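# A closer look at the structure
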Amino acid sequence: AQQLLADDGATPISVNAATGDFIVVDTLKINQAEVAIGKVAGAVNQGGTAVAVGANAGQTNQGGQAVAIGAGAGNNGQGQEAIAIGVLAGQTTQGIDSIAIGDAAGNNGQGNGAIAMGAGAGNTNQRGNAVAIGQNAGFNTQSQSSVAIGESAGQTTQGANSVAIGINAGQTNQGASNVAIGGGC
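Summarised in this report is the structure supplied together with it. Counting restarts for each chain: residues are numbered from 1 in the order of the written sequence. For a predicted model such as this one, the threshold for reporting local features is a pLDDT of at least 70, and the threshold for listing and counting side-chain atom pairs is 80 or more; totals across whole chains, interfaces and linings nevertheless cover every residue. With hydrogens and water stripped out, all remaining heavy atoms of the structure feed into the side-chain values.

Another aspect to go through is the overall build of the protein. By definition, any uninterrupted DSSP run of H or I lasting at least four residues is a helix, any uninterrupted run of E lasting at least two residues is a strand, and each is numbered from the N terminus. When its secondary structure is counted, the protein shows 0 helices and 20 strands. Considered along the principal axes of its C-alpha atoms, the protein spans approximately 65 × 25 × 20 Å. For the protein, the share of sequence-separated contacts (at least 6 apart) that also reach a separation of at least 24 residues comes to 0%. What sets the accessible areas is the Shrake-Rupley method with a 1.4 Å probe; for residues, cover comes only from the shown protein chains. Total accessible area computed for the protein in this model is approximately 8300 Å², and 57% of it derives from carbon and sulfur atoms. We call two residues in contact when some of their heavy atoms are within 4.5 Å.

Here it is, written out as structure tokens:
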């Protein structure tokens, strides 16, 4: 068996016997507070007990206790205790305590406490405490505390405190405090 020797970080593999930190240049970082696996995952300002898995996951300013799994997930500005799972999920400015699951879910500007589940759900400008479940539900500009459940429900400009349930329900320009239930309502 070959020995792995600790060094000063000048070579691609670094082990610090005193702290137990193990680093493979910009691809793998495992220490007592963070885990980052993937090219530049968790590279800049990764928060305490955060996890980033996938190329560019949690790359810049990942909040404490946040989880980013998938290429580009939680890439820039992932909030504390936020969860992003899927390629480009929660990619840019994901809010505190928010959840984005699915490719490009909660991709850009997901508010605090928002939930997006499904490919493209809550993709752009999903506001705080909004819920989007289904492919492209709440896709673009889902307002504060609104709910969109179903494929393309509340897809474009859903007003605050509105509810859209069913395929294409409240699909375009659903006003504030409105309810749309059923396919295409």
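Attention now goes to the pairing of strand E1 (residues 13–16). Of the pairings in the sheet, the one linking E1 to strand E2 (residues 21–24) comprises 4 bridges and is antiparallel in character. Looking at E2, one finds that asparagine 16 is bridged to aspartate 21. DSSP bridges decide pairing: two strands pair if at least two such bridges lie between them. Turn length for the E1-E2 hairpin, with the two strands adjacent in sequence and antiparallel, is 4 residues, and the turn residue glycine 20 shows positive phi of about 85°.

Attention now moves to the side chain of glutamate 34. Tracing the backbone shows glutamate 34 in the loop between strand E3 (28–30) and strand E4 (35–37). For each residue, the accessible area found with a 1.4 Å probe, counting protein chains only, is set against the maximum for its type, and the residue is called buried under 20%, exposed over 50%, and partly exposed in between. Think of it this way: Lys and Arg go in the positive column, Asp and Glu in the negative one, and His and the chain ends go nowhere. Salt bridge, as used here: a side-chain nitrogen of Lys or Arg that lies within 4 Å of a carboxyl oxygen of Asp or Glu. Of the side chains with opposite charge, lysine 29 comes closest to the buried, unpaired glutamate 34, at an N-O distance of 4.1 Å. Apart from residues no more than four positions distant in its own chain, glutamate 34 is found in contact with Lys29, Gln46, Gly47, Gly48, Thr49 and Ala50.

Moving on: unusual backbone geometry. Notably, valine 40 is not glycine yet its phi reads approximately 50°, a positive angle. Among the secondary structure elements, valine 40 is positioned in the loop between E4 and strand E5 (51–53). At serine 145, a position not held by glycine, the phi torsion is positive, near 60°. Position of serine 145 relative to the elements: it lies in the loop between strand E15 (140–142) and strand E16 (147–149). Serine 145 sits in the partly exposed class, given a relative accessible area of 32%.

To continue, consider the side chain of glutamine 126. Tracing the chain through its elements places glutamine 126 in strand E13 (residues 124–126). The buried category is assigned to glutamine 126, whose relative accessible area is 0%. Polar contacts involving the side chain of glutamine 126 include one to the side chain of glutamine 142, which spans 2.9 Å. What glutamine 126 contacts, discounting residues up to four positions off in sequence, is Gly109, Gln110, Gly111, Ala114, Ile115, Ala116, Val131, Ala132 and Gln142. Each polar contact in these results corresponds to two N or O atoms within 3.5 Å; when the atoms are within protein, one needs to be able to donate a hydrogen and the other to accept it, and residues that are neighboring in sequence are counted only if both atoms are side-chain atoms.

This next bit is on the environment of asparagine 140. Within the fold, asparagine 140 resides in strand E15. In this structure asparagine 140 comes out as partly exposed when scored by relative accessible area, which is 28%. Taking the C-alpha atoms as reference points, asparagine 140 and valine 40, separated by 100 residues in sequence, lie 29 Å from one another. Contacts of asparagine 140, omitting those with residues within four sequence positions, involve Thr124, Asn125, Gln155, Thr156 and Thr157.

We now examine a nonpolar patch on the surface. Together, Ile69, Ile83, Ile85, Ile101, Met117, Ile133, Ile149, Ile165, Val179 and Ile181 make up an exposed nonpolar region whose accessible area comes to about 760 Å². Elements supplying a minimum of two residues to the nonpolar patch: strand E8 (83–85) and strand E20 (179–181). The topology assignment puts isoleucine 85 in strand E8. A residue counts toward a patch only above 30% relative accessible area and without a salt bridge, and it is joined to like-charged neighbours within 9 Å or, for Val, Leu, Ile, Met, Phe, Trp and Tyr, to nonpolar neighbours within 5 Å.

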